[in-house]
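A structural walkthrough
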Number of protein chains: 2
Amino acid sequence: MPVIRPATAADWPALWAFLQPTFAAGDTYAYDPDSSEADIRKVWMDLPAATFVACGEQGQVLGTYYLKANQPGLGAHVCNAGYVVAPVAQGQGVAAAMCEHSQEQARALGFLAMQFNLVVSTNERAVRLWSHLGFATVGRLPGAFRHARLGLVDALVMFKTL
Amino acid sequence: MPVIRPATAADWPALWAFLQPTFAAGDTYAYDPDSSEADIRKVWMDLPAATFVACGEQGQVLGTYYLKANQPGLGAHVCNAGYVVAPVAQGQGVAAAMCEHSQEQARALGFLAMQFNLVVSTNERAVRLWSHLGFATVGRLPGAFRHARLGLVDALVMFKTL
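We now turn to the structure provided with this report.

Parameters at a glance
Once a new chain begins, its residue numbering starts again from 1 and follows that chain's sequence as written. Chains carry letters from A onward and ligands carry numbers from 1 onward, assigned in written order. Since the coordinates come from a predicted model, pLDDT governs what is reported: local features require at least 70, and pairs of side-chain atoms require 80 or more to be given and counted, while whole-chain, interface and lining totals use all residues. Strands are runs of DSSP state E lasting at least 2 residues, helices are runs of H or I lasting at least 4, and numbering of each runs from the N terminus. As a rule, the C-alpha atoms of each element are fitted with a line to give its axis, helices using only the stretch in contact, and angles between N-to-C directions run from 0 to 180 degrees. Any angle between 65 and 115 degrees counts as roughly perpendicular, while under 35 counts as roughly parallel, over 145 as roughly antiparallel, and the rest as oblique. Once C-beta atoms are placed from the backbone, any two residues with those atoms within 7 Å are in contact. For this classification, Asp, Glu, Lys and Arg are treated as charged, while Ala, Val, Leu, Ile, Met, Phe, Trp, Tyr, Cys and Pro are nonpolar and the rest, including Gly, are polar. The copies were overlaid with a least-squares fit restricted to C-alpha atoms from residues scoring a pLDDT of at least 70 in each copy. Remark: nonpolar core denotes a set of buried Ala, Val, Leu, Ile, Met, Phe, Trp, Tyr and Cys residues whose joining runs through C-beta atoms within 7 Å. Exposure in this text rests on C-beta crowding, where 20 or more other C-beta atoms within 10 Å of a residue's own make it buried, 12 or fewer make it exposed, and counts in between make it partly exposed. The C-beta atoms are placed from the backbone. The pairing criterion is simple: DSSP has to find at least two bridges between the two strands. Look down the strands so they point away from you; if the path from the first strand over the helix to the second goes clockwise, the crossover is right-handed.

1. Thoughts on the environment of P21(A)
Mapping P21(A) onto the fold places it in helix α1 (residues 12-25). In the structure, P21(A) is positioned 51 residues away from P72(A) in sequence and 31 Å away in space, judged by C-alpha atoms.

2. Things to note about the packing of α1(A) against helix α2 (residues 37-46) of chain A
Residue and element names in this part refer to chain A. At a closest axis distance of 11 Å, the pairing of α1 and α2 adopts a crossing angle of 105 degrees. As the angle between them shows, α1 and α2 are arranged roughly perpendicular. Counting all contacts with α1, which are made through W12, W16, L19 and F23, the residues of α2 involved are E37, I40, R41, W44 and M45. When the residues that make up the contact of α1 with α2 are grouped by side-chain class, the tally is seven nonpolar, no polar and two charged.

3. Focus on the environment of V61(A)
Relative to the helices and strands, V61(A) is located in strand β3 (residues 61-69). Distance from V61(A) to V3(A), taken between C-alpha atoms, is 9.5 Å for residues 58 residues apart in sequence.

4. Here we look at the relation of the copies chain A and chain B
The operation relating the pair of chain copies consists of a rotation about an axis and a translation along that axis. Once turned by 180 degrees and shifted 0.0 Å along the axis, chain A lies on chain B with an RMSD of 0.0 Å. The superposition operator between the copies reduces to a two-fold rotation axis. Within chain A, the C-alpha atom positioned nearest to the axis of rotation is that of G139(A), 1.9 Å from it.

5. What about the interface of chain A and chain B?
In this complex, chain A contributes 27 residues to the contact, which on the side of chain B involves 27 residues. Only β5 (113-120), β6 (136-147) and β7 (151-161) of chain A provide two or more residues apiece to the side of chain A that touches chain B. When residues in the side of chain A that touches chain B are grouped by element, the largest group, nine residues, is from β6(A).

6. What to know about the nonpolar core
Of all hydrophobic cores here, the largest spans 94 residues; its most connected members are M158(A) and M158(B). Every residue in contact with M158(B), bar those within four places of it in the chain, is listed here: F116(B), V119(B), W130(B), F135(B), A136(B), T137(B) and V138(B).

7. Quick look at the pairing of β5(A)
For a regular strand, the rule is simple: side chains alternate between the two faces of the sheet. Residue and element names in this part refer to chain A. Across the eight residues that make up β5, a large majority, seven, are buried. Relative to β5, strand β4 (residues 78-85) runs parallel, the two being bridged by two bridges. If you follow C79 over to β5, its bridge partner there is M114. For the segment spanning β4, helix α3 (residues 94-108) and β5, crossover handedness is right-handed. Both β5 and β7 contribute to a ladder of six bridges, which runs antiparallel. Looking at the pairing, V120 lines up with A155 of β7.

8. As for the pairing of strand β3 (residues 61-69) of chain B
Residue and element names in this part refer to chain B. One ladder, built from six bridges, connects strand β2 (residues 50-55) with β3; its direction is antiparallel. When the sheet's bridge partners are listed, F52 is paired in β3 with Y65. As paired elements, β3 and strand β4 (residues 78-85) share seven bridges and run antiparallel to each other. Across the sheet, residue Y66 finds its bridge partner in β4, namely G82.

Okay, structure coming up:
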């Protein structure tokens, strides 16, 4: 199991090394595939309430996630999170470990629920994993994601009460 | 029918006069009921792609709406809009006129769809109006809105392809 700890500024180069190709692929996250390092650093490290890294036995970074309120004020009891696993660490349970960890952290921060706003419907591995971890598909957005290879595909809204 | 035109800086005091009590009531929008004028001016006037006002025959402001991309990059073909009608102008079709106008503007700006992320389920007038104007309820978020009088109530995700 990975060790999950708060991200520090020193982690950023290791995160960017796999965040950049992940977003550039244009098949999982809405961030512009041409986003600059500064733009992604802002949304991943600066704006969220918290950012974590999952590390392997030698301390190498295997994945990262952020946690933030999904809406202001009267919607701020529901959080949002985003997870990315480094390509070399796929299929080892890192995403599941981060999602479980994020739910504990969210509860500790006082959040009552977690919402994913734009789960790409063709990202079957993610949909299956979040479902397995107790998230319900509460909405389907027709053609809301412009997939780099498949064109406009549906996106799902997934939700879990914590 | 109201005349709908782009908002200018000179309109702001008239907008704030009804935006403030609307958000303070805590029954329709998630903005913190104690939001400062500067905070709301930023989210209503500065951050959106466009902000409009609906005016009566004497030029008085009856309502306002904003239009913006709902997600970055690969989700930016779907827009989001928010509408507020001044209390003195309720029930005169101002919201419907603004919603129709916003769809035309959205198409002109190249948006392919419009999404409302957090329609308060107890705001029956709004739900009925958006449904009448062709928006489908594509999701239901359990307890996602902390209503000032009713506590946690469900919120709806509504969507229309333009």
